[in-house]
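Understanding the architecture of this molecule
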Amino acid sequence: MRRMRKIKIVATLGPASSDYATIRALFEAGADVFRLNMSHGSHEEIGARHKIIRQVEEDLGRPIAILADLQGPKLRVGVFRNGAEELIPGQAFRLDLDEAEGDLTRVQLPHPEIFQALEPGASLLVNDGKIRLKVIDYGADYANCEVIVGGTISNRKGVNVPDVELPLAALSPKDRADLEYVCALGVDWLALSFVQRPRDVEEARELARGRAAILSKIEKPLAVKNFAAILEASDGIMVARGDLGVELPVQNVPPIQKRLTRKCRAAAKPVIVATQMLESMIESPVPTRAEVSDVANAIYEGADAVMLSAESAAGDYPIEAVSTMNAVAIEVESDPTYRDVINASRGGEKQTVADAIVSAAREIAETTNIKAICCYTQSGTTALLVARERPQVPIIALTSMTGTARRLCLSWGMHCVRTGEVTRFKEAVINAARAARTEGMAETTDQIVVTAGVPFGQSGTTNILRVAPCEERLIYATDPG
């Protein structure tokens, strides 16, 4: 099954998409990666969905990536005696550690670490930013605030603190339990919520012990500020525009999205653009024009993947949402302007042999009649470098490592094929030629470009390139050794 577009689609599973028939239909409609949201669903439910995905993978013979999204440290107010209260701009309102039910003047905020980090003038955002409070004074167990933007505040609404670095552990006890559970299941990616600094990523990596790649969600101003270090520590990035749009002025989000996407591409690390991409399709079989433009914009930017959340997890039209995203991607990528934009955004100096090899592979493929670039890779490094080049021709990633094939399903343009282990480059060339023919990307009369790192099995050693015929007899004739 070959995708007719390069960008990947991440579909979140949930109550609307938890059975075999729906999950298979989502994959056939275009989903490349399935997201398991650890904020919703028991371990039993998550395990059942994981099992179905792997069954679909086996039945269709194509690798599928699974991303487990950890909840992260959620900050919430306590409960109110009346269930809710209406806050008016200018009034005083207090947050404290008192467990008593809240009223119009105060409510519990059971997070002492927040009070330790506050400062006068800091903003507290409640209920996705609908209510804005300004800290007037504070102590170890309270914060007296002025209501700047009023509204209805009710039980257990979320709280965002955009102005300060919170001394919170990156992983809550729930996150640690979830991480161990999904790593034991065999997920391919772990998404970390509310990352603030690179040590948050390092903590998760230590717990994962190489069982899953680490993807950092950028949804706090501090993560934007520390982005270079977070990117270096991570295997991938998600631009999570929901909370980012709460904690920052909404007009700041589009340029941040563009900057982070380009930086991820320069680093050869996959980036997902997420949140509210086709939000109206939760209840409607067709999206709005603005939503289609939003998806198209992420594709023009060169993102590796776009993501559906509630649209596929809890909406009335999960398959239609994936089909729509797939159709938009095909249309955008067939636009000549798309290629102009992608080529214009290809930057960065070539500093290593591997950089030069993959750049040469793209140039050869685009100036001659080459049908595909085939990357023989164990760790995925070679394939990721080729994907960074955003070539016009298909990319075939060949690997004997099932985990590598699955992880690469998140990366731009990657068509992953599992193959046997090789010890000599000629074996890799023969396997590449067979894969190109079998996958319908080339005929025996065509040529391909093959890249690899020799000796095999060593990450980061991309050092060889060959233009090869797809006819095996000619491969042997030109390389009898």
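A few points on the structure. (Residues numbered from 1 in each chain as written. Predicted model: local features only at pLDDT ≥ 70, side-chain atom pairs only at ≥ 80, totals over all residues. Heavy atoms only, no water.)

In this structure the tally under the stated criterion is two aromatic pairs. Between Tyr300 and Tyr338, the aromatic rings sit 6.2 Å apart at their centres with planes inclined by 55°, giving tilted as the arrangement. With Tyr300 in helix 10 (residues 289-300) and Tyr338 in helix 13 (residues 336-344), this residue pair connects regions lying 38 residues apart in the sequence. A relative accessible area of 24% means that Tyr300 is categorised as partly exposed. On the numbers, 5.6 Å between centres and 75° between planes, the contact of Tyr376 with Phe456 is edge-to-face. Of this pair, Tyr376 sits in strand 17 (residues 370-376) while Phe456 sits in the loop between strand 20 (447-453) and strand 21 (462-469), and the two are 80 residues apart along the sequence. With respect to burial, Tyr376 and Phe456 carry one shared label: buried. Here Arg3 stacks its cationic end above the ring of Phe27, 4.6 Å away from the centre of that ring. (Phe/Tyr/Trp six-rings, centres within 6.5 Å; stacked < 30°, edge-to-face > 60°. Helix = DSSP H or I, 4+ residues; strand = E, 2+ residues; numbered from the N terminus. Buried < 20%, exposed > 50% of the residue type's maximum accessible area, 1.4 Å probe, protein only. Lys NZ or Arg CZ within 6 Å of the ring centre and 35° of its normal.)

Let us look at the packing of helix 2 (residues 43-60) against helix 4 (residues 173-185). Helix-helix packing: each pair is described by the crossing angle between the helix axes and the interaxial distance. Packing of helix 2 against helix 4 brings their axes to within 11 Å, and their N-to-C directions diverge by 25°. Considering the angle they form, helix 2 stands roughly parallel to helix 4. Taken as a pair, helix 2 and helix 4 cross one another with a handedness that is right-handed. Each of His43, Glu44, Ile46, Gly47 and His50 in helix 2 lies in contact with helix 4, whose residues at this interface are Ala177, Asp178, Tyr181, Val182 and Leu185. A class-by-class count of the residues in the contact of helix 2 with helix 4 yields five nonpolar, three polar and two charged. (Axes fitted to C-alpha atoms, helices over the stretch in contact; angles between N-to-C directions. Parallel < 35°, antiparallel > 145°, perpendicular 65-115°, else oblique. Left-handed = near helix turned anticlockwise from the far one by under 90°. Contact = heavy atoms within 4.5 Å. Nonpolar A, V, L, I, M, F, W, Y, C, P; charged D, E, K, R; others polar.)

It is worth spelling out helix 4 at this point. Counted at 1.5 Å a residue, the expected span for helix 4 with its 13 residues is 18 Å, and the 19 Å between its end C-alpha atoms agrees. Where helix 4 is concerned, the buried positions are Asp175, Asp178, Leu179, Val182 and Cys183. The arc that holds every buried residue of helix 4, seen down its axis, measures 125°, which confines them to one face. Exposed and facing more than 90 degrees away from the buried side of helix 4 are Pro173 and Ala184. Against the buried residues of helix 4 lie helix 2, strand 3 (65-69), strand 12 (189-192) and helix 5 (198-208). Where helix 4 terminates, the next one or two residues include Gly186, which has phi positive at roughly 110°. (Expected span 1.5 Å × (residues − 1). Arc of directions from axis to C-beta.)

Attention now moves to the nonpolar core. Phe34, Leu190 and Ile272 are the most contacted members of the largest nonpolar core, which has 105 residues in total. In terms of residue count, the dominant contributor to this core is helix 12 (residues 318-333) (six residues). Among the nonpolar cores identified, the runner-up in size contains 27 residues, and Ile114, Ala122, Val147 and Val164 belong to it. (Core = buried A, V, L, I, M, F, W, Y, C linked by side-chain atoms within 4.5 Å.)

This part is about the sheet that holds strand 7 (residues 123-126). Read from one edge to the other, the open sheet built from six strands follows the order 6-5-9-8-7-11, with strand pairing classed as mixed. A strand with exactly one partner marks an edge of an open sheet, and here the two such strands are strand 6 (106-108) and strand 11 (159-160). Pairing of strand 5 (residues 92-96) with strand 9 (residues 142-149), which is carried by five bridges, proceeds in the antiparallel orientation. Pairing of Ala92 across the sheet is with Glu146, part of strand 9. (Pairing = 2+ DSSP bridges.)

A few words now on unusual backbone geometry. Of note, the amide linkage connecting Val454 to Pro455 takes the cis form, showing an omega dihedral of 5°. Inspection of the secondary structure assignment puts Pro455 in the loop between strand 20 and strand 21. Here the phi dihedral of Arg156 falls at roughly 55°; this positive angle occurs in a residue that is not glycine. With respect to the helices, strands and loops of the structure, Arg156 is situated in the loop between strand 10 (151-154) and strand 11. By relative accessible area, Arg156 is classed as exposed at 54%. Backbone geometry at Thr275 places phi at a positive 90°, although glycine is not the residue there. By secondary structure assignment, the location of Thr275 is in the loop between strand 15 (271-274) and helix 10.

Before going further, it helps to spend a moment on the sheet that holds strand 16 (residues 305-308). In space, the eight strands of this closed barrel follow the order 1-2-3-12-13-14-15-16, with parallel pairing throughout. Each neighbouring strand pair of the sheet contributes to a mean axis angle of 25°, computed without reference to strand direction. As paired elements, strand 2 (residues 33-37) and strand 3 share five bridges and run parallel to each other. Its bridge partner lying in strand 3, Leu36 is registered against Ala68. Its contacts with the sheet put helix 12 on strand 1 (8-13) and strand 16, and the angle it makes with strand 16 is roughly 160°.

Buried residues of helix 5: Asp200, Val201, Glu203, Ala204 and Ala208, and no others. Considered in projection along helix 5, the buried side chains sweep an arc of 160° and stay on one side of the axis. Turned more than 90 degrees away from the buried face of helix 5 sit Arg199 and Glu206, all of them exposed. Buried residues along helix 5 sit in contact with helix 4, strand 12, strand 13 (213-218) and helix 7 (227-233). One or two steps after helix 5, the chain reaches Arg209, where phi turns positive at roughly 50°.

In the contact formed by helix 4 and helix 5, the axes pass within 10 Å of each other and the chain directions differ by 45°. Relative to helix 5, helix 4 is oriented oblique. In this structure, helix 4 crosses over helix 5, and the sense of that crossing is right-handed. Of helix 5, the residues touching helix 4 (which contributes Arg176, Leu179, Glu180 and Cys183) are Glu203, Ala204, Leu207 and Ala208. Among the residues making up the contact of helix 4 with helix 5, the classes are represented as five nonpolar, no polar and three charged.

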